[in-house]
Amino acid sequence: RSFLQTVGRVTLGAIVLSGGAFFYVTQRDRHPGQQAAHDASKKTVVVLGSGWAATSLLKKIDTDYYNVVVISPHNYFLFTPLLPSVSVGTLEPRSIIQPTRYITRHKKRRVEVYEGEAKSVDVENKTVTFADNSDIKGAVSATTIPYDYLVYAVGAENQTFGIPGVREHTCFLKELPDAEKLRTRLMDCVETAAFKGQEDAEIDRLMHIMVVGGGPTGVEFAGELHDFLVDDLQSWYPELANRLKISLIEALPNVLPVFSKQLIQYTESTFKANKIDILTRTMVREVKEKTVVVQDENKQLKEIPYGMLVWAAGNTSRQITRDLMAQLPDVQNQRRGLLVDEYLRLLGGDGVFALGDCTATSYAPTAQVASQQGAYIARALEQMAKKEQLEETLHSLRASSNSKPEEIEAVVKQINKVSKIKPFHYSHQGSLAYIGSEKAVADLPFFNGNLATGGMATFLFWRSAYISNLLSARNRFLVLNDWMKVKLFGRDVSRE
Ligand code: FAD
Ligand code: NAI
């Protein structure tokens, strides 16, 4: 009895403590304190973007040293790894975003946050022009501001290779509205297929979902779609569910080229078991309103009917990035993205740092790279500011006749220390991807080797890794709640 009592007490204590901790964290986050005003004597850092690179920088930057201004067309951070889950309703859209002000309001000094799209960067005069890109416009809807340092982290956009019909007829999966649109379109296809008197061939077309691109985005979407089919469509549309067909088209000989061979095989066999058709060595040539023209490995052209086509064929530079390259034609000559040195300084752009997917480096365009780069630049900026302050102190000491030589020597030593900014070094934490039916694949660096694992345990690891990487307690709570909701009630099949 006493043992049971002890267990009961400990459990109760743990519940009260975790409840208290949860309450403390949420209340602390809800009521950020007063912030210092901008200081005209400090330099201004302008940050373009509110994605992985920019947000990681904002979390780390010390506003004691700088006035910070953030400009982004979205006033939130999007946790992209869970975006495919939103497209089929496993997660709700707002569960994986967090307002940028959630971070900036907790800084010591006020950070100016503007919802707007940077239109141009003038590297010569060190200014940025940005405009209000929302539906409602005020008397002022565009302006130009100066910067001392610019953190350029605008990401990339969808690569279409100029293939006809892609922009007009396909759905992308890059930003939050893309996933919401996908979810609505998917249910539209299903409801239209269920329409009274619909002919067989038309039902087959509407229920054929094609995914172009066998990279992680395409694979994860196909996996999520399969779950939706098995868990929900079969219950709510039993007459249609077995007509749903998922095809994944990939130009290369296999899917997930960045993963190890063993995991590629595991993914392909899981897809086969889940009846997801993989068409490798197949290239999309044209997308029409209801059909797609593909070229197979024998150079034969085929026209395949589809209901919805998801385009996940990789990244290309945004227009503003291409304009920036055009200003520096001698040094910026890579179509893939901006060229930077080992300290992430833009080649040819004084005071500009470029980070994440907008750059062309030896690193893959991933969240991991972008967030490490953001944190690195925050540290580098701090060192640069400290160095300037110390140099001013040294100047005053040298100008004063009362200064002692040892005082001067100590400051010189400190200057030498903060002057040593190390080049950016990327530390790879591994690659993870969800492949459907509660299975995930993971390539993890392990004791100087590589651990390739796939299956249910990896799926649980995938979930816990993403839960712990979410930006806030609020996001964690909402995502856990969504997962539980889907387990209890299934996904919501209403079309918004
Ligand atoms: P982004 O995060 O794209 O941020 C760019 C920011 O710039 C956005 O806030 C955007 O609104 C803003 N912006 C755009 N234009 C302008 C402008 N003109 N002016 C100002 N701001 C602008 N990587 C992983 O490592 N692991 C994963 O599991 C993973 N899953 C993914 C799943 C999906 C579906 C997708 C699409 C990507 C995934 N990635 C993943 C890749 C990862 O999301 C990107 O590499 C990462 O977002 C790059 O960070 P970034 O800061 O460079 O760009
Ligand atoms: P990607 O560039 O990795 O893959 C795109 C694929 O589309 C390529 O394999 C390419 O061969 C194929 N393709 C291009 N044009 C085609 C055509 N016309 N016809 C048929 N196939 C065509 O792009 P993705 O998946 O969007 O990923 C972008 C970046 O984000 C990558 O760096 C990736 O690692 C990262 N990411 C990581 C995730 C994870 O780690 N779980 C999830 C999603 C993205």
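The paragraphs below set out a description of the structure included in this document. (Residues numbered from 1 in each chain as written. Chains lettered and ligands numbered in written order. Predicted model: local features only at pLDDT ≥ 70, side-chain atom pairs only at ≥ 80, totals over all residues. Heavy atoms only, no water.)

## Some points on the overall build of the chain
As a reminder, the rule being used: Only runs of H or I of at least four residues qualify as helices and only runs of E of at least two qualify as strands under DSSP, and these elements are numbered from the N terminus. Note that the radius of gyration is over C-alpha atoms, with the globule rule given as 2.2 Å times the number of residues to the power 0.38. Each residue's exposure class comes from its accessible area (1.4 Å probe, protein chains only) as a fraction of the maximum for that residue type: buried when under 20%, exposed when over 50%, partly exposed otherwise. Contacts are assigned to residue pairs that have any heavy atoms within 4.5 Å of one another. Calculation of accessible area relied on Shrake-Rupley with a 1.4 Å probe; when residues are assessed, cover is drawn exclusively from the protein chains displayed.
When you go through the chain residue by residue, the secondary structure sums to 15 helices and 23 strands. At 26 Å, the chain has a C-alpha radius of gyration in line with the 23 Å of a compact globule built from 496 residues. When burial is assessed residue by residue, the chain has 47% of its 496 residues classed as buried. Restricting to contacts in the chain with at least 6 residues of sequence separation, those with at least 24 account for 65%. Accessible surface, the chain: about 25,700 Å² in total, of which carbon and sulfur atoms supply 54%.

## Structural notes on the site of ligand 2
Operational definition: Any residue with a non-hydrogen atom lying within 4 Å of a molecule or strand is treated as near it. In the analysis that follows, any N or O atom pair within 3.5 Å is treated as a polar contact, provided that within protein one partner can donate a hydrogen and the other can accept it, and provided that, for residues neighboring in sequence, both atoms belong to side chains.
Near ligand 2 there are 24 residues, and of these T217, E250, A251, V284 and L432 occur at the shortest range. Here an oxygen atom of ligand 2 and a side-chain polar atom of T217 are 2.9 Å apart. Between a nitrogen atom of ligand 2 and a main-chain N or O atom of V284, the distance comes to 3.1 Å. Of all elements in the fold, only α8 (216-236), β15 (283-287) and β21 (431-436) reach the threshold of two or more residues within the shell around ligand 2.

## Here's the deal with the sheet that holds strand β13 (residues 245-249)
Using the following cut-off: When DSSP finds at least two bridges between two strands, those strands are taken to pair.
Reading across from one edge, β11-β18-β12-β13-β14 is the order of the five strands in this open sheet, with parallel pairing throughout. Single-partner strands in this sheet number two, and they are β11 (171-172) and β14 (276-279). Sheet topology places β13 next to β14; four bridges connect them, and they run parallel. If you follow I246 over to β14, its bridge partner there is I276.

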